[in-house]
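Now for the letters of each chain:
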Amino acid sequence: MPGVVQALQALQALQAEILIPGPATNGEALVLAAPISFWGGIDPFTAAVIDARHPDRGRNIAGKVLALPGTIGSSSASAVLLELVRTGLAPAAIILHEPDAILLLGLIVAREMGWQTPMALKLDRVVQSRLTGQITIDAQGRITPARPDTPPA
Amino acid sequence: MTSLSDEERLIAAGTDGSAMAMRIVAESARLLGAPRLLPVASAHIDGALYHGDAGTLFAEELVRLGARTAIRATLNVGALDLMGCSKSRLTGSDRDMAKRLMLAYEAMGCERTWTCAPYQAGHRPTLGTDVAWGESNAVAFCNSVLGARTNRYGDYLDIACAITGRAPDCGLHRPENRRATVVFDVAAIDPVWLASDWAWPVLGTLFGRELGTAIGVVSGVAGPVSEDRLKAFGAAAASAGGVGLFHIVGITPEAPDLATATGGADAGPLTGTIMVTPAMIRAAQAGLSTAAGATRIDAVAIGSPHLSLEELESVSQLLSGRTARVPIYACTGRHVVREADRTGLRKALERLNVIIVADTCVVVTPILPAIDGVLMTNSGKFAHYAPGNTGYGVVYGSMADCLESAVTGRPVMAESGVI
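Residues numbered from 1 in each chain as written. Chains lettered and ligands numbered in written order. Predicted model: local features only at pLDDT ≥ 70, side-chain atom pairs only at ≥ 80, totals over all residues.

Novice: Help me get a handle on the overall build of chain A, residues and values and all.
Specialist: In terms of regular secondary structure, chain A is built from 5 helices and 8 strands. Ordered by position from N to C terminus, the α and β elements of chain A give α-β-β-β-α-β-α-β-α-β-α-β-β. Split into buried and exposed, the 153 residues of chain A put 46% on the buried side. For chain A, contacts bridging at least 24 residues in sequence account for 79% of all contacts bridging at least 6. (Helix = DSSP H or I, 4+ residues; strand = E, 2+ residues; numbered from the N terminus. Buried ≥ 20, exposed ≤ 12 C-beta atoms within 10 Å, placed from the backbone. Contact = placed C-beta atoms within 7 Å.)

Following this line, the structure appears as structure tokens:
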């Protein structure tokens, strides 16, 4: 019943605003339960959440479609994200409630360095909470549940 | 949408280092919602502190592409003490990459200041000047005490602004965003306490916790406040809450009176008044210590922000020839070290177990011995970052109490407990 599946997917599709463009991607959704500071909150060498007070401590953001309900500004957040991009441990995509220019600077610089850069999208934190399981994002920022035959990124 | 001038567009379309820097500034402006770029007169660069190889490769790419700073640019601390006063335990590749990072920034024409207190090393933009500064304490001092205008420019954007001489026109560059919306009233606090050095990091910590990133004006302070005290206040406020601009009625240049600081009759309403009580002060002070019950200390660290020459001289006066039982790490800039070398102060202090730390500091690079120790400090900023970054427990006290404690090896709280 492919028609039914497509109809369901259409119902669940979300259109996000593109903050930093990038190639289409897919991955497992990881919606953080609380705002995070990348500096001091994410290990730049392993991509693990290391903030001792964060509810998602121990999860790993590498390769995930990472949804952030909020970010806590640190001047060095961009450095952590840039290091993750360089070593291939960046999220598959980053979804923000509102733009964080300091964090996204890590992606802007990564692109200037010619490194493969994940896209960044803007999506309300209430809507973010609906993201679950494997999801696909096309280059226009349309978010859908991944089709069963889509291999992980 | 950010609109660029013809000249800016032309530069961004190029292939050299200036082009890369202009694209980074323009993209940041777009994300910040800035309508345009504005010229900036100077920069203070925080990007030369090693956080991983990516930062080094970026800086070296800019050098390879011929990037040079277009405006005065001073350097914040790096991960290594290039003056050789102290030794970081960074080794191997990390040490090499940290050194290459520092040299790349020097190669782009940045001044070798290597201090988090550039405003005490001769870099003092004047009232109303737009600049692009990084390092949270320097940003707070620059906006609040000098009255120059800057947002907080973090890693990579700081050097891009220095190369292009441009910054996104938004935030604290715009006068309408600089007015205080909250009054922080200290009239109920003992003026004798307010006239002590150690009051100011505590007050700054409370201010930062209460204000977050909102702009506040302190009222009820009588008499002049020294620059070193304003430095300590701003650093504590910035690390405790993200404060980038504060006003103090009668002290800071944009607050000759309360009405001016809050924007006058035409401004929007105040969002609140905080009446500071002695109990709030005691709670803020208690929160700075994580090892309050310690019966011994392993080290003392002072100098965040970097010590001024006057502060370093006061160390000598307070020790008055007594050798410390535990090492005193005194962090400062080379602008102070040069003077201290000239007068013999550095050698005299080193004989008393004071370790001068230049170009860097003990919470950004591993200088303290790797032990499960207790650190005593008079700095609100060290107190905030030392537990996470060094693993040491912290006891907070005044400069005099820190030095007495270093002499005896036990926490001495002669003056720090009283309000």
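Novice: I'd like a rundown of the environment of Leu-312 of chain B, residues and numbers included.
Specialist: Residue and element names in this part refer to chain B. Following the sequence through the fold, Leu-312 ends up in helix H12 (residues 309-319). On the basis of neighbour counts, which here come to 23 C-beta atoms within 10 Å, the residue Leu-312 falls in the buried class. Sequence separation between Leu-312 and Ala-34 is 278 residues, and the spatial gap between their C-alpha atoms is 42 Å. For Leu-312, the contacting residues outside a window of four places in its chain are Leu-307, Ala-330, Thr-332, Val-336, Ala-340 and Leu-345.

Novice: I'd like to hear about unusual backbone geometry, residue by residue, with values.
Specialist: Both trends apply: most residues other than glycine have a negative phi, and most peptide bonds are in trans. Following Ser-304 of chain B, the chain continues into Pro-305 of chain B via a peptide bond in cis, with omega recorded as -5°. The residue Pro-305 of chain B is located in strand E10 (residues 299-307) in this model. A positive phi is found at Ala-47 of chain A, a non-glycine position, where the angle reads about 70°. Its location among the elements puts Ala-47 of chain A in the loop between helix H2 (38-41) and strand E4 (65-68). The buried category is assigned to Ala-47 of chain A, around which 23 C-beta atoms lie within 10 Å. Within the chain, Trp-114 of chain B stands out as a residue other than glycine whose phi angle is a positive 45°. By the element assignment, Trp-114 of chain B lies in the loop between helix H4 (92-107) and strand E4 (132-133). When the 28 C-beta atoms within 10 Å are taken as the criterion, Trp-114 of chain B is described as buried.

Novice: I'd love a proper account of the interface of chain B and chain A, names of residues and values included.
Specialist: Much of the literature gives interface size as the accessible area that the parts lose upon coming together. Contact residues are listed per partner, giving 25 residues for chain B and 21 residues for chain A. For the side of chain B that touches chain A, the secondary-structure elements that each account for two or more residues are helix H2 (17-32) and helix H3 (53-64) of chain B. At 7 residues, the largest contribution of residues to the side of chain B that touches chain A is made by H2 of chain B. Partitioned by chemical class, the residues of the side of chain B that touches chain A number 9 nonpolar, 9 polar and 7 charged. (Nonpolar A, V, L, I, M, F, W, Y, C, P; charged D, E, K, R; others polar.)

Novice: So what's going on with the packing of H2 of chain B against helix H6 (residues 157-164) of chain B? Residues and values would help.
Specialist: All names here are of chain B. At a minimum axis distance of 8 Å, the contact between H2 and H6 shows a crossing angle of 120°. Here H2 lies oblique to H6, going by the angle between them. Of the two possible hands of crossing, H2 and H6 adopt the one that is left-handed. Listed contacts from H6 to Gly-17, Ser-18, Ala-21, Met-22, Ile-24, Val-25 and Ser-28 of H2 are Leu-157, Ala-160, Cys-161, Ile-163 and Thr-164. Along the lines of polarity and charge, the residues of the contact of H2 with H6 split into 8 nonpolar, 4 polar and no charged. (Axes fitted to C-alpha atoms, helices over the stretch in contact; angles between N-to-C directions. Parallel < 35°, antiparallel > 145°, perpendicular 65-115°, else oblique. Left-handed = near helix turned anticlockwise from the far one by under 90°.)

Novice: Residues and numbers for the sheet that holds strand E12 (residues 354-358) of chain B, please.
Specialist: Residue and element names in this part refer to chain B. Read from one edge to the other, the open sheet built from 5 strands follows the order E12-E11-E10-E13-E14, with strand pairing classed as parallel. Taken across any chain shown, the strands that pair with only one partner, and hence form the sheet edges, are E12 and strand E14 (393-396). On average, each strand axis in the sheet is tilted by 25° relative to the strand beside it, whichever way the strands run. Relative to strand E13 (residues 374-377), E10 runs parallel, the two being bridged by 3 bridges. Each bridged residue has a counterpart across the sheet, and for Val-300 the counterpart in E13 is Met-376. (Pairing = 2+ DSSP bridges.)

Novice: Quick rundown of the sheet that holds strand E2 (residues 17-20) of chain A? Include the residues and the values.
Specialist: All names here are of chain A. Taken together, 8 strands build an open sheet; the order of strands is E1-E8-E7-E3-E4-E5-E6-E2 and the sheet is mixed. The open sheet has two free edges, formed respectively by strand E1 (14-15) and E2, since each of these has just one partner strand. Alignment of strand E5 (residues 93-96) against strand E6 (residues 119-122), held across 4 bridges, turns out to be parallel. Residue pairing across strands places Ala-93 opposite Met-119, the latter belonging to E6. Its contacts with the sheet place helix H4 (residues 101-112) against E2 and E6, and it is angled at close to 70° to E2.

Novice: Give me the pairing of strand E6 (residues 182-185) of chain B: which residues, what numbers.
Specialist: Moving residue by residue along a regular strand, the side chains alternate between the two faces of the sheet. Residues and elements named next belong to chain B. When E6 meets strand E7 (residues 216-219), the two strands line up parallel, connected through 4 bridges. Residue Asp-185 lies in a different strand from E7, and its bridge partner there is Ser-219. Note that E6 and strand E9 (residues 272-275) share 4 bridges and pair parallel. Residue pairing for E9: Val-183 is matched across the bridge by Thr-273.

In short, the description is geometric, and any link to function would need to be established separately.
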